[in-house]
Amino acid sequence: MVTTVVRPVKQISSRFSIAVHVLILLAVSPKECTGDFLAASVNTNPVIIRRIMGMLKKAGLVDVRAGVGGASLRKEPSQITLLDVYRAVQVIEEGQLFNFHDNPNPNCPVGRNIESALRAELTEAQSAMERRLAQVTVDQLISRFQ
């Protein structure tokens, strides 16, 4: 008898949408952008904002001021793509958006071949998504708010 363990499908981390939200706020309301202001807008805990700000800082997208607080963009919004944000907040594990289930049955013709059959398709799907993200800037998103 073969036992199948079903695990929930992982979604792209919400860090991505939170990071985009934060970058847009920094672009449109730079004077108000303390950690508490950002957390209130995102409606999340300030600790989450601090973690994401640390990732954005490490990627060279923002400057964070200690003490009095606040943050600012290090690049113009037209120079920050969604791909930059996606990479900065480490949305995916080990460079792969799609993962394969563990230990398919090697005695089953599907289990034995599923990864090799799907790998090229999933790699192309990830590449297509990343190409699209590279075409959209924070500035373009801001224009949709006005």
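Here the structure is a predicted model, which is why all the values come from computation and not from measurement.

**Quick word on helix α2 (residues 35–42)**
Thought 1: All of the buried residues along α2 are Leu38, Ala39 and Val42. For α2, the arc enclosing every buried residue in end-on projection is 100 degrees, short of the 170-degree limit, so these residues lie on one face. Relative to its buried face, α2 has exposed residues pointing more than 90 degrees away, namely Asp36 and Ala40.
Thought 2: Buried positions along α2 lie against α1 (15–28) and α3 (46–58).
Thought 3: Where α2 ends, the next residue or the one after it, Asn43, has phi of about 65 degrees, a positive value.

**Describing the layout of surface pockets**
Thought 1: Of the voids in this model, the second largest pocket is the one considered here, and its volume is about 220 Å³.
Thought 2: Along the walls of the second largest pocket sit 16 residues, with Gly35, Arg50, Met53, Val64 and Gly70 positioned nearest its centre.
Thought 3: Within the residue set of the lining of the second largest pocket, elements represented by two or more residues are α2 and α3.
Thought 4: The element best represented in the lining of the second largest pocket is α3, accounting for five residues.
Thought 5: A breakdown of the residues in the lining of the second largest pocket according to their chemical character gives seven nonpolar, five polar and four charged.

**Digging into empty space enclosed by the protein**
The rolling of a water-molecule-sized probe over the atoms marks out the regions of remaining empty space.
Thought 1: Taken as a whole, this structure holds one cavity of 30 Å³ or more when the rule is applied.
Thought 2: Approximately 30 Å³ is the volume attributed to the largest cavity.
Thought 3: Around the largest cavity sit Gln96, Phe98, Phe100, Arg119, Leu122, Thr123 and Gln126, which together line it.

**Considerations on the packing of α2 against α3**
Thought 1: The interhelical angle for the contact between α2 and α3, taken along N-to-C directions, is 110 degrees, at an axis separation of 9 Å. As judged from the angle between their axes, α2 and α3 are roughly perpendicular. In this structure, α2 contributes Gly35, Asp36, Leu38, Ala39 and Val42 to the contact, and α3 contributes Pro46, Ile49 and Met53.

**Considerations on the side chain of Thr81**
Thought 1: Checked against the element boundaries, Thr81 lands in the loop between β2 (71–73) and α4 (82–88).
Thought 2: What makes Thr81 buried here is its relative accessible area of 15%.

**Considerations on the nonpolar core**
Within soluble globular proteins, side chains that are nonpolar tend to cluster in buried spots.
Thought 1: By size, the foremost hydrophobic cluster in this structure holds 34 residues, and its most contacted members are Phe16, Val22, Leu23, Leu26, Met53 and Leu56.
Thought 2: Contributing elements (two or more residues each) for this core: α1, α2, α3, β2, α4 and α6 (138–143).
Thought 3: The biggest single contributor to this core is α1, with nine residues.
Thought 4: Apart from the residues within four sequence positions on either side, Leu26 is in contact with Cys33, Met53, Val62, Ala71, Ser72 and Leu73.

**Structural notes on the pattern of salt bridges**
Thought 1: Within the structure shown, the criterion is met by three salt bridges.
Thought 2: A salt bridge links Arg131 to Glu124; the shortest N-O distance between them is 3.0 Å.
Thought 3: When its relative accessible area of 45% is taken as the criterion, Arg131 is described as partly exposed.
Thought 4: On the basis of relative accessible area, Glu124 is assigned to the partly exposed category, the value being 42%.

**Quick notes on unusual backbone geometry**
Thought 1: If you check the backbone angles, Asn43 has positive phi at about 65 degrees while not being a glycine.
Thought 2: Counting through the fold element by element, Asn43 comes out in the loop between α2 and α3.

Conventions we followed
- Residues numbered from 1 in each chain as written.
- Predicted model: local features only at pLDDT ≥ 70, side-chain atom pairs only at ≥ 80, totals over all residues.
- Heavy atoms only, no water.
- Buried < 20%, exposed > 50% of the residue type's maximum accessible area, 1.4 Å probe, protein only.
- Helix = DSSP H or I, 4+ residues; strand = E, 2+ residues; numbered from the N terminus.
- Arc of directions from axis to C-beta.
- Contact = heavy atoms within 4.5 Å.
- 1 Å grid on protein atoms, 1.4 Å probe; cavity = no way out; pocket = protein on both sides within 12 Å on 5 of 7 lines; lining within 4 Å.
- Points joined across faces, edges and corners; volume = space filled by probe spheres on them.
- Nonpolar A, V, L, I, M, F, W, Y, C, P; charged D, E, K, R; others polar.
- Axes fitted to C-alpha atoms, helices over the stretch in contact; angles between N-to-C directions.
- Parallel < 35°, antiparallel > 145°, perpendicular 65-115°, else oblique.
- Core = buried A, V, L, I, M, F, W, Y, C linked by side-chain atoms within 4.5 Å.
- Salt bridge = Lys/Arg side-chain N within 4 Å of Asp/Glu carboxyl O.

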